Amino acid sequence: QLEFVESGGGLVQPGGSLRLACTASGFALEYYSIGWFRQAPGKEREGVSCISKDDSPYYVDSVKGRFTVSRDDAKNTVYLQMNSLQPEDTATYYCAARDPRYIYCSPHVRDYNYWGQGTQVDVSS
């Protein structure tokens, strides 16, 4: 059973920063491509960033230059550093793992098999 725990969410003012963490139990994250997704109220879940098994990153245009994805295999954790946060970044953020047969990550919800429970990010003054 693949399980994740997301952490690091919270309330931050516009322009502030947060670092989200996605920690796995029961399996080694290094063998999986990991995606970060977010879902705002009334909106569909969207891909934000992901990191492939070869550590190559992907970012959706709206977060390029502001968000950075990384992994620490020793801690079995993938991080999403979020800087210059804006109110439109407010959402529940989820991490997800793709089938380990795939080397590269994907920005599409349909390509992920295992999901965490989410962590809430609120950007407001």
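Higher on the page you've got the structure.
Thresholds, definitions, all that
- Residues numbered from 1 in each chain as written.
- Predicted model: local features only at pLDDT ≥ 70, side-chain atom pairs only at ≥ 80, totals over all residues.
- Heavy atoms only, no water.
- Disulfide = S-S within 2.5 Å.
- Helix = DSSP H or I, 4+ residues; strand = E, 2+ residues; numbered from the N terminus.
- Buried < 20%, exposed > 50% of the residue type's maximum accessible area, 1.4 Å probe, protein only.
- Polar contact = N/O pair within 3.5 Å; in protein donor to acceptor, adjacent residues only side chain to side chain.
- Contact = heavy atoms within 4.5 Å.
- Pairing = 2+ DSSP bridges.
- Axes fitted to C-alpha atoms, helices over the stretch in contact; angles between N-to-C directions.
- Salt bridge = Lys/Arg side-chain N within 4 Å of Asp/Glu carboxyl O.

Caption draft 1: Seen up close, the state of the cysteines. All told, the structure shown has two disulfides when counted by the stated rule. Each disulfide pairs two cysteine sulfurs, and for Cys 22 the partner residue is Cys 95, the sulfurs being separated by 2.1 Å. The S-S bond linking Cys 22 to Cys 95 shows a torsion near 70°; that makes this disulfide right-handed. Pair noted here: Cys 22 is in strand S3 (residues 18-25) and Cys 95 is in strand S9 (residues 91-97), with a separation of 73 residues, a long-range link. Summarising the burial analysis for this pair, Cys 22 and Cys 95 share the class buried. In this model Cys 50 forms its disulfide with Cys 105; the gap between the sulfur atoms is 2.0 Å. Torsion about the S-S bond of the Cys 50 and Cys 105 cystine: about 60°, corresponding to right-handed handedness. With Cys 50 in strand S5 (residues 46-51) and Cys 105 in the loop between S9 and strand S10 (114-115), this pair connects stretches of sequence that are 55 residues apart. Comparing Cys 50 with Cys 105 shows no difference in burial state: the two are buried.

Caption draft 2: Representation of the side chain of Ser 106 in the model. Inspection of the secondary structure assignment puts Ser 106 in the loop between S9 and S10. Within the local environment of Ser 106, its side chain forms a polar contact with the side chain of Asp 111, the two groups lying 2.6 Å apart. Apart from the residues lying within four places of it in its own chain, the contact partners of Ser 106 are Phe 37, Cys 50, Arg 98, Asp 111 and Tyr 112.

Caption draft 3: Fine view of the sheet that holds strand S8 (residues 77-82). Judged by pairing direction, the sheet is antiparallel, and its four strands sit side by side in the order S1-S3-S8-S7 without closing on themselves. The sheet is open, and its two borders are formed by strand S1 (3-7) and strand S7 (67-72), each paired with just one other strand. With strand direction ignored, the average angle separating the axes of adjacent strands in the sheet is 15°.

Caption draft 4: The pattern of salt bridges, seen in detail. Under the criterion given, the structure shown has seven salt bridges. Close ionic contact of Asp 61 with Lys 64 constitutes a salt bridge, the shortest N to O distance being 3.0 Å. With relative accessibility at 60%, the residue Asp 61 sits in the exposed group. With a closest N to O distance of 4.0 Å, Arg 98 and Asp 111 form a salt bridge. With Arg 98 in the loop between S9 and S10 and Asp 111 in the loop between S9 and S10, this residue pair connects regions lying 13 residues apart in the sequence. A residue is classified by how much of its surface remains accessible, and Asp 111, at 21% relative accessible area, is partly exposed. Several salt bridges converge on common partners, so that one network encompasses Arg 38, Glu 46, Arg 66 and Asp 89.

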